[in-house]
Every structure is written in structure tokens, then in C-alpha cells.
Amino acid sequence: MQAYSSEQLASIAARIKDVKFGMLTTSDDMRTLTSRPLTQQQVDNEGQIWFFVSDEAAYTRDLLNNPQVNVSFVDTGDSLYVSVCGHAQLLKDRAKAEELWNPLLKAWFPGGLDDPKLSLIKVTIQSAEYWDSSASKMMQFYAMAKAAITGEAPKDLGEHGRVEL
């Protein structure tokens, strides 16, 4: 098991913990990339992101041969963009499902925790890249307007970083 920098992991987890939806991108055997929105259930202390899924979804079969995935998180209100690369596993883990279960999930899994289609995807984070602008929208607009007038690239639009775990 790879050793994680707790500071780096905490930095990524803090950025995405309140972003409920991620776009999970998988590739099939023809290397065709497809994405779909999934509701993030948890980012745990080991650098794993958890999602509930139906094991009948076509893309879950792609994970068997192509477990490398990307999950993109966007919060336009806070000008936050995070791209996570990782290794995905499709699991039937009753204990974890019980831990993460929310009654709203019955809309997708009518049988609740006993629904035969209920599965989890665990994405183990391997690397992440983020763009995080703490500047107000007005400051961002000012920096872009100034850049348009001066012809120089805008400065101080936010923080960009890459984390390798």
C-alpha cells in the first residue's frame, strides 16, 4: 500500500468534501472515454472516494479491465476545480454500505441495503490537480479586464497545485 502524505491528502479532501457531485470518467476496452455524474458519499482518511452505484450500469464492467479513472469536481460558486486520478474498484461491502447509507438512496435502490444491484465504487486517489480561486468574483473580473487592456496574462486569480500520492 502506498504511503500518503496526510497534509496533501487533507488538502484535497478539504477541497472536495462539500462538492457533492463528481464526474466519473472511465474507459472501455476500445479506450473510449465516458463520464457520468455520481454523488460522492465520502473521502476517507486513506485517500479513497466512495460512491454508490448499480452493478448493472455498463461502465461498472469497464472497471474490471480498465480500473484507472478520473473524477472531476467543480464548484463554480467558489471557483474551485479539482481533477482526481485514481484506481477504482467495484465492491459489495455491506459494512461500508451501512456506514454510508442515506435514506434518499432508496430512490435508486428500492430494496435499500438489501437491493441486489447495490454496489460501491471505491476510487483510491493516486494524484490530483486543483485550481482554487479564493479571490472574489469582482477581483477576478478586475484581473481579467486589466489583462485584456495591458495584454499581460492575469495574475493572482487563485491557487493551482498538483498532488502526487
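Structure: see above.
Because the structure is predicted, anything quoted here is derived from the model rather than measured.

Calculation rules
Residues numbered from 1 in each chain as written. Predicted model: local features only at pLDDT ≥ 70, side-chain atom pairs only at ≥ 80, totals over all residues. Heavy atoms only, no water. Buried < 20%, exposed > 50% of the residue type's maximum accessible area, 1.4 Å probe, protein only. Helix = DSSP H or I, 4+ residues; strand = E, 2+ residues; numbered from the N terminus. Pairing = 2+ DSSP bridges. Patch = residues over 30% accessible without salt bridge, like charges linked within 9 Å, V, L, I, M, F, W, Y side chains within 5 Å. Areas by Shrake-Rupley, 256 points an atom, 1.4 Å probe, with all protein chains shown as cover. Salt bridge = Lys/Arg side-chain N within 4 Å of Asp/Glu carboxyl O. Core = buried A, V, L, I, M, F, W, Y, C linked by side-chain atoms within 4.5 Å. Lys, Arg positive; Asp, Glu negative; His and termini not counted. Contact = heavy atoms within 4.5 Å. Phe/Tyr/Trp six-rings, centres within 6.5 Å; stacked < 30°, edge-to-face > 60°.

**Q** In this structure, what is going on with the pairing of strand 3 (residues 48-54)? I would like to understand it.
**A** Each regular strand carries side chains that alternate between the two faces of the sheet. Across the 7 residues of strand 3, 6 count as buried, placing the element largely inside the fold. Here 3 bridges tie strand 2 (residues 33-43) to strand 3, and the two strands are oriented antiparallel to one another. The residue bridging Q40 from the neighbouring strand is F51, located in strand 3. Counting the residues in the hairpin turn of strand 2 and strand 3 gives 4 residues, including G47, whose phi is positive at 80°. Pairing geometry for strand 3 and strand 6 (residues 118-132), over 7 bridges, is antiparallel.

**Q** Just checking my understanding: could you explain the pairing of strand 4 (residues 68-75) for this structure?
**A** One ladder, built from 4 bridges, connects strand 1 (residues 21-27) with strand 4; its direction is antiparallel. Looking at strand 4, one finds that M23 is bridged to S72. In this antiparallel pair of consecutive strands, strand 4 and strand 5 (residues 80-91), the connection spans 4 residues, and S79 shows a positive phi of 50°.

**Q** In this structure, what is going on with a nonpolar patch on the surface? I would like to understand it.
**A** A cluster of nonpolar residues, V74, Y81 and W131, forms a patch on the protein surface that exposes about 280 Å² of accessible area. Relative to the assigned elements, Y81 resides in strand 5. In this structure Y81 comes out as partly exposed when scored by relative accessible area, which is 36%.

**Q** Help me out: how do you make sense of the nonpolar core in this one?
**A** Note that soluble globular proteins tend to have their nonpolar side chains buried in a common cluster. Formed by 27 residues in total, the largest nonpolar core has its most connected members in L24, I49, F73, I121 and V123. Considering each element in turn, this core owes the most residues, 5 residues, to strand 6. Counting 8 residues, the second largest nonpolar core, distinct from the first, contains F52, A97, L105 and L120.

**Q** When you look at the side chain of D62 in this model, what are you seeing that I'm missing?
**A** Within the secondary structure, D62 is located in helix 2 (residues 58-65). Salt bridges are absent for the buried D62, whose nearest opposite-charge side chain, R36, sits at 5.5 Å. When neighbours within four sequence positions are excluded, D62 is seen to be in contact with T26, S27 and D28.

**Q** I would appreciate a short explanation of the packing of aromatic side chains in the present structure.
**A** Two aromatic rings, taken as a pair, are described by how far apart their centres are and by the angle between their planes. For the coordinates displayed, the defined rule picks out 2 aromatic pairs. Look at F52 and W101: their rings are 5.8 Å apart centre to centre, the planes differ by 85°, and that puts the pair in the edge-to-face class. Linking F52 in strand 3 with W101 in the loop between helix 3 (94-100) and strand 6, this pair joins segments that are 49 residues apart in sequence. When the centroid spacing of 6.5 Å and the interplanar angle of 55° are considered together, the rings of F52 and F109 count as tilted. With F52 in strand 3 and F109 in the loop between helix 3 and strand 6, this residue pair connects regions lying 57 residues apart in the sequence. A single burial state applies to F52 and to F109, both of which are buried.

Purely geometric stuff here, so don't read any function into it on its own.
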